Amino acid sequence: MKDASSVFDGMNKFIKEQDKQLWSGTLKDYFELVIKNPAINMMAHARILKMINSYGFEKNASGDIIKYNFFKNEIFGVDGSIEEFMAYLRAAATGSEVGRRILLMYGPTSSGKSQLAVMLKRGMEKFSQTDDGAIYCLSDSPMNEDPMCAIPQELRADIFKEHGLKIEGDLSPLMSMILRDQYGGDFLKLPVKRYLISEKNRASIGTFVPSDKKSQDISELVGSMDLSTIGKYGAESDPRAYRWDGELMCGARGLVEFVEMLKVDQKFLYVLLTLAQEKNIKTARFPLIYADEMIIGHTNFSEYAKFLAKEEMEALHDRIIVVKVPYNLSVIEEVKIYEKLIAQADFKGVHISPHALYCAAMLSVLSRLKDSSNKTLDIVTKMKLYNGESVDGFSEVDILNFKNEFDDEGMNGISPRYVINRISSILSETSATCITPIDVIRALRDGFKSNAKLDTKEIDRLGTLLTKVIDEYSKIAKNDVQKAFFLNFEEEVSNLLANYLENVNAFLDGSKIENELGQLVEPHEKLMKSIEEKIQVTESGKRSFRQEISRKMARSAATNSGISNYKDHVKLREALEKQLFEDRQDIIRMTVSTRITDEVALKKLNVVIETLCDKYGYSAESANKLLRYVSSVMART
């Protein structure tokens, strides 16, 4: 049994850290803190931005931020949407009018909208526990009001002039009464405390979920009268007789998430008009209540389209900044989504074969893509381009044009939730020890008819796409097996490349090369032609192809310490691999046959299985299944 002392050490450290965070004092003490560290005096949007930036980011050569570490392990393949969100946040954090807008994310189900909102909430909770994220409030305020709001308007201009501190907002009716009745108007004596942002404790995080329109009450947003106290306080307009527990009050100085925002009754949305534009909440019998908070909502595309069509909601249209969150369109990013979701469950002892999740991702992405008007671009090639793969004949400009061709690409198709449900169903089988790409493909196909969202036409379309996935997987499977037959595949390809380049350069220079006997001979035209034929290089086009190869490989050598990298040229890589595989095609075909009786072939097969396990991530079971599959594919060709 492990010693529990280390666990208790961690617990004690946590308790001590909690104690350090229980700062309290007066507004006078707090003001001195702010003078020493003006960064404490932050508005809600600026605090959220600072929290995200605290995780760091990646920049490109031009110095532009391309990845935010806060999102990189949780949300995949929607970098454009994240950048739109961050552009909104950066503008709002400056105190501009953008901070007086509601952020609305729309897109298909399971595209990452609610996940982003949840991440912000959890991030703010954690950030408030740090020194950089320390946040303070008036101790008696149920809304965790900013202590600086107690400073009279008459003094704020001088404070800004002398200390550069900008103060916004006013006290709530309740805090105004407390200041007057309990402290005689001496705002410097108001008690202040540090607090931790917490959704569970309803401190600076609110979450509003729509329910039945007939039964849902506006009090869920703005609070309500506490009828049991009216007799004690004598009037409904007494702020002490009010429940300050609406989600907009709870979210003050932080954020409020509106789940399925546009499904709520219109009267709820009208409340947001004043909050968005003036940072004020209007309740019955009270003056406007100041609330600095970020409103972030999310909804699906159909609800958003209905919302835009309502002319009576024009005022709210103007106060919303929209961020479209489509499905991810990159296969490798889609795989990361599945890996994250699978890691959250307990599927111990089940081996997931290489390319199993990749095949599921290919189907998902293909289902989300639209056929381009460019007839030279088929949907599989489009998938590869979006995946960052180099495809001969297409440039970066082409890819950008393809992505701009449709506004709604990625707004429909298979959701990650469907895929993970189907994969989980086979991972959880009691007899499952490994799942292969074919297992995943079958599971996805078998689930089509039980999916209520899919009609016959869509099922047929997905079936066609699944055939394309199988074709792509067959190529990948053959490639893995073929590589496993080489003791050192990369070395053998590099040797073949060096030989090819030597002959190409001699051909272009009109010179000769030295053979094994030290004799000067003509370039090996048969070797060059044999390689080039694998990728349909014609006799008339061989010189221009060889010139291109020579230039590219020279540039590759210049950036790789003098070593040319064949992977830098997609067509050349394909040609070299095909040349090597063709030389051993008969041996491979015979070895993977299910009717092996030759002892030498069996020994070679065992070496191949070991290579697949050691170098390519297979288990013995999945390697054997791979070989059987490739054997069946080769038997058909």
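Look a little higher up for the structure.
Residues numbered from 1 in each chain as written. Predicted model: local features only at pLDDT ≥ 70, side-chain atom pairs only at ≥ 80, totals over all residues. Heavy atoms only, no water.

Caption draft 1: A look at the sheet that holds strand β6 (residues 191-195). Overall, antiparallel pairing links the three strands, which are arranged β1-β6-β5 in an open sheet. Strand pairing shows two members of the sheet lacking a second neighbour, β1 (24-26) and β5 (135-138), which therefore form its edges. Neighbour-to-neighbour, the strand axes of the sheet open up by a mean angle of 35°, direction not taken into account. Sheet analysis places β1 next to β6, joined by three bridges and oriented antiparallel. The partner of Ser24 across the bridge, within β6, is Lys193. (Pairing = 2+ DSSP bridges. Helix = DSSP H or I, 4+ residues; strand = E, 2+ residues; numbered from the N terminus. Axes fitted to C-alpha atoms, helices over the stretch in contact; angles between N-to-C directions.)

Caption draft 2: Structural view of the nonpolar core. Ranked by internal contacts, the top residues of the largest apolar core, which has 66 residues, are Ile423 and Phe448. Each residue touching Phe448, except ones within four places of it in the same chain, is listed here: Leu363, Ile414, Tyr418, Leu454, Ile459, Leu462, Gly463 and Leu466. Listed in part, the 61 residues of the second largest apolar core include Ile102, Phe187, Val222 and Ile289. (Core = buried A, V, L, I, M, F, W, Y, C linked by side-chain atoms within 4.5 Å. Buried < 20%, exposed > 50% of the residue type's maximum accessible area, 1.4 Å probe, protein only. Contact = heavy atoms within 4.5 Å.)

Caption draft 3: Structural view of the pattern of salt bridges. Under the counting rule described, the total for this entry stands at 37 salt bridges. Across the pair Glu125 and Arg122 runs a salt bridge whose closest N-O atoms are separated by 2.8 Å. Linking Glu125 with Arg122, this pair stays in helix α6 (residues 113-127), spanning three residues, or about one helical turn. A relative accessible area of 16% places Glu125 in the buried class. For the salt bridge of Asp186 with Lys189, the shortest nitrogen-to-oxygen distance reads 3.8 Å. Its relative accessible area of 29% is what places Asp186 among the partly exposed residues. (Salt bridge = Lys/Arg side-chain N within 4 Å of Asp/Glu carboxyl O.)

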